[in-house]
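Listed below are the residues making up each chain.
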Amino acid sequence: MGLGFTMCVRSCFQSSCLQWAWRTAFLKHIQRRHQGSHRWTHLGGSTYRAVIFDMGGVLIPSPGRVAAEWEVQNRIPSGTILKALMEGGENGPWMRFMRAEITAEGFLREFGRLCSEMSKTSVPVDSFFSLLTSERVAKQFPVMTEAITQIRAKGLQTAVLSNNFYLPNQKSFLPLDRKQFDVVVESCVEGICKPDPRIYKLCLERLGLQPSESIFLDDLGPNVKAAASLGIHTIKVNDPETAVKELEALLGFTLRLGVPNTQPVRKTMEIPKDSLKKYLKDLLGIQTTGPLELLQFDHGQSNPTYYISLANRDLVLRKKPPGTLLPSAHAIEREFSVVGTPFYVMEYCPGLIYKDPSLPGLEPSHRRAIYTAMNTVLCKIHSVDPQAVGLEDYGKQGAYIPRQVRTWVKQYRASETSTIPAMERLIEWLPLHLPHQQRTTLVHGDFRLDNLVFHPEKPEVLAVLDWELSTLGDPLIDVAYSCLAHYLPSSFPVLRGQASSAHAEQTGKLTEFVSNLAWDFAVKEGFRVFKEMPFKNPLTRSCHTWARSQSQWYPIGTRSYSSVPEASPAHASRGGLVISPESLSPPVRELYHRLKRFMEQHVYPAEPELQSHQASAARWSPSPLIEDLKEKAKAEGLWNLFLPLEADPEKKYGAGLTNVEYAHLCELMGTSLYAPEICNCSAPDTGNMELLVRYGTEAQKARWLMPLLEGKARSCFAMTEPQVASSDATNIEASIREEDSFYVINGHKWWITGILDPRCQLCVFMGKTDPHAPRHRQQSVLLVPMDTPGIKIIRPLTVYGLEDAPGGHGEVRFEHVHVPKENMVLGPGRGFEIAQGRLGPGRIHHCMRLIGFSERALALMKARIQPPTAEGREQERGLRRPCFHWSCRVKSRVAFGKPLVEQGTVLADIAQSRVEIEQARLLVLRAAHVMDLAGNKAAALDIAMIKMVAPSMASRVIDRAIQAFGAAGLSSDYPLAQFFTWARALRFADGPDEVHRATVAKLELKHRI
Ligand SMILES: Cc1cc2nc3c(=O)[nH]c(=O)nc-3n(C[C@H](O)[C@H](O)[C@H](O)COP(=O)(O)OP(=O)(O)OC[C@H]3O[C@@H](n4cnc5c(N)ncnc54)[C@H](O)[C@@H]3O)c2cc1C
């Protein structure tokens, strides 16, 4: 008994030695042997919830230390650099540089002058700056990487709070893997430097913690002092190694371990050492009087796992957990059962275990290599012939997935404490949607990155752990399981065994969350794979093939302002086309109602003031009221709702709504011209942000996406040119030419929405890099900082006389504008592809808002033509407090002796408008639905159809409302005139109607002949 069950792949599968230029980079990595932040474990009793690190001097070498070495090498009087850095204190060049009040060039000029004055010799500060920021010097201390990993493994947060600066390329200097930190606060971004208490408070606020819940490490006394005076626990860092020891003492757990991923045996998990030692000595025939060393591995909560060292033998013992178990949840006893508790022992295979599946701290190419090695070993497991290795009876043949689903349900039922509707929905849905074709191979059953032991120097799997769920089954289950980490939010607390343990009662929330996630995956994300398939015939309405019954595809719902009857909760969110907000899933429905309340309480009442700002002399500056409302919307979670789940599956940047879900919210925002900006959901920023999410590099995202997502910056998109028919993007003439490390752009653009806004920091520019390339490979997209010299705004254009301040629509010349090469998106020649991607969801958002315009116009019209209510009459006579709801501002009318509502033609107009709105809404939702299920490409026809329909429908509905208002409808007392102007403009701005008609006709003819 005992050692027989050593499932070490080293003996089963000899991984081929990959030929990599790998070693050097990997060696760097093995210094952090306990790689991988495992955020899935408990806090280990510590009262602290975060550790905040300074950067220079704590995580990377301090500028002072780098300067000392550099001064020796360059024969500069010792201490010059440090003295010059401190010169002027708060207002010296260094501190102003840290607050981004001066550029790198400006700083180096002043700093160089200071150094030279002080040392009475010429000091090449550029060379010092290059060294300071070089990859060779600016490297994170391995001991800190290791500590951060351990801290996060215990579930604590980590942050960087650094006095930092922008490099000449406008990127901040941060030679750290941002993924290691929950929060990064940089002085140059915030405009505040340590020791200013505000920046510490900002960091704590972003961590969501009180001062006493965090520990702060810095190498500078004043910075440490300021933190301590706020009540933060502090460590003054003189040497990183010593600092880590101090940190260990404060946290109460070890940050450096002899055997990776182990800790002293937990009190409740102790095993009798003496009897174990005797058993192993007998079994292995060992003659020793030495001690048996016993440690416990961090992970493996489902079956506690121990490291044993006895007489130079390194072993691993795995045993059954204590407590009552669910049927077949921990099938360890089928292996070996001795010394009381069932257990087995195996050989210890030293190597690396990557606990955080996102592999923080590794280069992308290394991550790819690790994942490839993981997949390779999985293929090898699935290629084993069970018969040839005598495992034909290792499990039942066939129907593995249905059996798995039955087992999960059985286990869930056994631990169920109350009904969770989301789980019930999944339990009902899953068995009906299982794959029909199934293969049978050896399956691992729990295949994930942290069950693999990797070679310390190359991307090779040495051992596969945790085989107790292995059996004969469908290999897809291993594939699905190994992809799970990709879909779970990175902060998800996966405590293995939890759902099936005695603690299941407390995990109801987690279970509900997981079932919602699984549901989302099944009905939305799961269909992403279909996008890769050739879409043969869009008119076969592929979306319907995934439907259940027709009634479930069209759950009847309600919209407060429509005639559709109330939805039955039983029909809510069946994964079909959700045509009413009341049929949205509960969290999204709640979001919808929160938005509705926000619109009623804050947005509609602010409209008169916002409108008069737009007509005032101050109109080219943003209204302070808008900024105020943006903060309110952010605080209420009504922020960045636009990014489709498909583009942001981990909900890293947005609310993770599907296009259909967003359609309902976007329509609601569309009822006010100001709401989209207030909720950071307005064009052209939304399209630009989506472009950055989809195609931007991490550096581009950090530089541009983050400020846009935070609502601190705005952006524009420059494609249209006055001299060419721009509805055909291949006509664009602006040139993008390479010159040294820059691209130089020249061109004339117009109708560039938002370019006049003083907050506009980014212009997403489309031009031609190669006029001789094939037609659709000539264009490229560049990210142009708006403060680059050579951008000359000629004039604001007007739409029917409206300027649309402060963003406006500008005519602009780009004259020899130099843009760093790293600002190219995707690469030269990819512009057309990007523009298509950018305009997909963005264009349908306009349609969603147009439905909102139309609903509001119709509601205003109805209020106008009906006799006033008793309350309305009292308000008019001053007998009642005025109501600020927008509909109450409408004065109703009587003409020729009857209220307008009794005039037949007005009634016909209302009926016509209602019908047209409902038709267009269904088409918008349909397009959104096909985008969700089959992707933007497959939805091309639906998108073109709604773009053809929505602007002209809105124009007609708004026009009828204007007519019912009489001349007042044309004034700016009501939003109708502006709605009308926008609806008309959108018959161009989103591409002319004719182009959409041509697309629809082309697709129609293609598939009907
Ligand atoms: C309010 C507003 C905001 C805008 N914002 C931006 C912006 O931020 N950035 C930007 O780059 N652009 C912007 N535009 C410009 C907009 O994208 C263009 O106006 C649009 O693409 C049409 O290009 P064009 O004006 O050059 O018209 P043209 O291409 O010259 O077309 C003129 C007319 O020719 C006809 N036509 C064209 N193609 C066809 C066809 N295939 N079949 C039949 N007839 C056809 C149509 O009647 C069309 O209206 C905006 C426009 C407006 C009105």
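Look above for the structure.
Definitions and limits used
- Residues numbered from 1 in each chain as written.
- Predicted model: local features only at pLDDT ≥ 70, side-chain atom pairs only at ≥ 80, totals over all residues.
- Heavy atoms only, no water.
- Helix = DSSP H or I, 4+ residues; strand = E, 2+ residues; numbered from the N terminus.
- Buried < 20%, exposed > 50% of the residue type's maximum accessible area, 1.4 Å probe, protein only.
- Pairing = 2+ DSSP bridges.
- Axes fitted to C-alpha atoms, helices over the stretch in contact; angles between N-to-C directions.
- Contact = heavy atoms within 4.5 Å.
- Arc of directions from axis to C-beta.
- Core = buried A, V, L, I, M, F, W, Y, C linked by side-chain atoms within 4.5 Å.
- Near = heavy atom within 4 Å.
- Polar contact = N/O pair within 3.5 Å; in protein donor to acceptor, adjacent residues only side chain to side chain.
- Parallel < 35°, antiparallel > 145°, perpendicular 65-115°, else oblique.
- Phe/Tyr/Trp six-rings, centres within 6.5 Å; stacked < 30°, edge-to-face > 60°.
- Expected span 1.5 Å × (residues − 1).
- Bend = angle between axes of the 7 residues up to and from the residue.
- Disulfide = S-S within 2.5 Å.

Trainee: Summarise the environment of Asp 393; cite the residues concerned and give the values.
Mentor: Take Asp 393: it is sitting in the loop between α14 (364-383) and α15 (400-415). Its relative accessible area of 72% is what places Asp 393 among the exposed residues. For the pair Asp 393 and Leu 472, spaced 79 residues apart in the sequence, the C-alpha separation amounts to 8.2 Å.

Trainee: Which residues make up the sheet that holds strand β1 (residues 50-53), and what values do they have?
Mentor: Backbone hydrogen bonds are what pair the strands of a sheet, in a parallel or an antiparallel way. Read from one edge of the open sheet, five strands run β3-β2-β1-β4-β5, paired in parallel fashion. At either end of the open sheet lies a strand with only one pairing partner, and these are β3 (183-186) and β5 (233-236). Across the sheet, the axes of successive neighbouring strands diverge by a mean angle of 20°, strand direction being ignored. Along the sheet face, helix α10 (residues 197-207) touches β1, β2 (157-162), β3 and β4 (214-218) and points at about 160° away from the line of β3.

Trainee: An account of helix α11 (residues 221-229) is needed here, citing residue identities and associated values.
Mentor: Since there are 3.6 residues in each turn of an α-helix, residues three or four apart along the chain are aligned in direction. Here α11 has its buried residues at Asn 223, Val 224, Ala 226 and Ala 227. Along the axis of α11, the buried positions cluster into a sector of 160°, meaning they face one direction only. The exposed set on the far side of α11, more than 90 degrees from its buried face, consists of Pro 222, Lys 225 and Ser 229. Looking at the buried side of α11, the elements it contacts are α10, β4 and β5. Gly 231 occupies a position one or two residues after α11 and carries a positive phi of about 100°.

Trainee: For the nonpolar core, give the residues involved together with the corresponding values.
Mentor: Judged by nonpolar contacts, the single largest core of 103 residues is most densely connected at Tyr 662, Leu 665, Ile 958 and Leu 976. No other element matches helix α27 (residues 831-865), which puts 14 residues into this core. Not counting residues up to four positions away in its chain, the partners in contact with Leu 976 are Ala 857, Leu 860, Ile 958, Ala 961, Ile 962, Phe 965 and Gly 969. Trp 70, Ala 104, Val 160 and Leu 255 belong to the second-largest nonpolar core, a separate cluster that totals 58 residues.

Trainee: Summarise the site of the ligand; cite the residues concerned and give the values.
Mentor: Near the ligand lie 19 residues; those nearest to it are Phe 717, Thr 720, Ser 727, Trp 751 and Thr 753. Residue Phe 717 places a main-chain N or O atom 2.8 Å away from a nitrogen atom belonging to the ligand. Residue Met 719 places a main-chain N or O atom 2.8 Å away from an oxygen atom belonging to the ligand.

Trainee: Got a sec to walk through the packing of helix α21 (residues 586-615) against helix α23 (residues 659-670)? Specific residues and values, please.
Mentor: Two measures define how a pair of helices packs: the angle their axes make with one another and the distance between the axes. Across the interface, α21 lies against α23 with an axial gap of 10 Å and an inter-helix angle of 10°. The angle between the axes of α21 and α23 places the two elements in the roughly parallel class. On α23, the residues touching Val 588, Leu 591, Tyr 592, Leu 595, Lys 596, Met 599 and Tyr 604 of α21 are Glu 661, His 664, Leu 665, Leu 668 and Met 669.

Trainee: How would you explain the sheet that holds strand β10 (residues 343-347) if you had to name every residue and give the values?
Mentor: Read across the open sheet, the five strands follow the order β6-β7-β8-β9-β10; overall the sheet is antiparallel. Of all the strands in the sheet, the pair left with one neighbour each is β6 (262-263) and β10. Inspection of the sheet shows strand β8 (residues 305-310) paired to strand β9 (residues 313-319) by six bridges, in the antiparallel sense. Residue pairing in the sheet places Leu 310 in a bridge with Arg 313 of β9. Against the sheet, helix α13 (residues 273-284) makes contact with β7 (293-297), β8, β9 and β10, and its axis sits at roughly 65° relative to β8, the strand it touches most.

Trainee: Summarise the packing of aromatic side chains; cite the residues concerned and give the values.
Mentor: By the definition in use, this model includes 19 aromatic pairs. Their ring planes at 20° and their centres at 5.0 Å tell us that Phe 97 and Phe 165 sit as a pair that is stacked. Here Phe 97 is found in helix α5 (residues 93-98), whereas its partner Phe 165 is found in the loop between β2 and β3, with 68 residues between them in sequence. Given the relative accessible area of 1%, Phe 97 is considered buried. For Phe 165, a relative accessible area of 3% corresponds to the buried category. Taking 5.1 Å as the distance between ring centres and 5° as the angle between the ring planes, the aromatic pair formed by Phe 165 and Phe 173 counts as stacked. In this structure, Phe 165 and Phe 173 share a single accessibility class: buried.

Trainee: Describe α21, naming the residues involved and giving the relevant values.
Mentor: The first and last C-alpha atoms of α21 sit 41 Å apart over 30 residues, in line with the 44 Å expected at 1.5 Å per residue. The largest bend along α21 reaches roughly 45° and is located at Glu 607, with the proline Pro 608 sitting one to four residues downstream.

Trainee: Tell me about the state of the cysteines, residues and numbers included.
Mentor: Under the defined criterion, the tally for this structure stands at zero disulfides. Cys 666 carries a free sulfur, and the closest cysteine sulfur to it, the one in Cys 681, is 7.3 Å from it. Exposure remark for Cys 666: the relative accessible area of 1% places this residue in the buried category.

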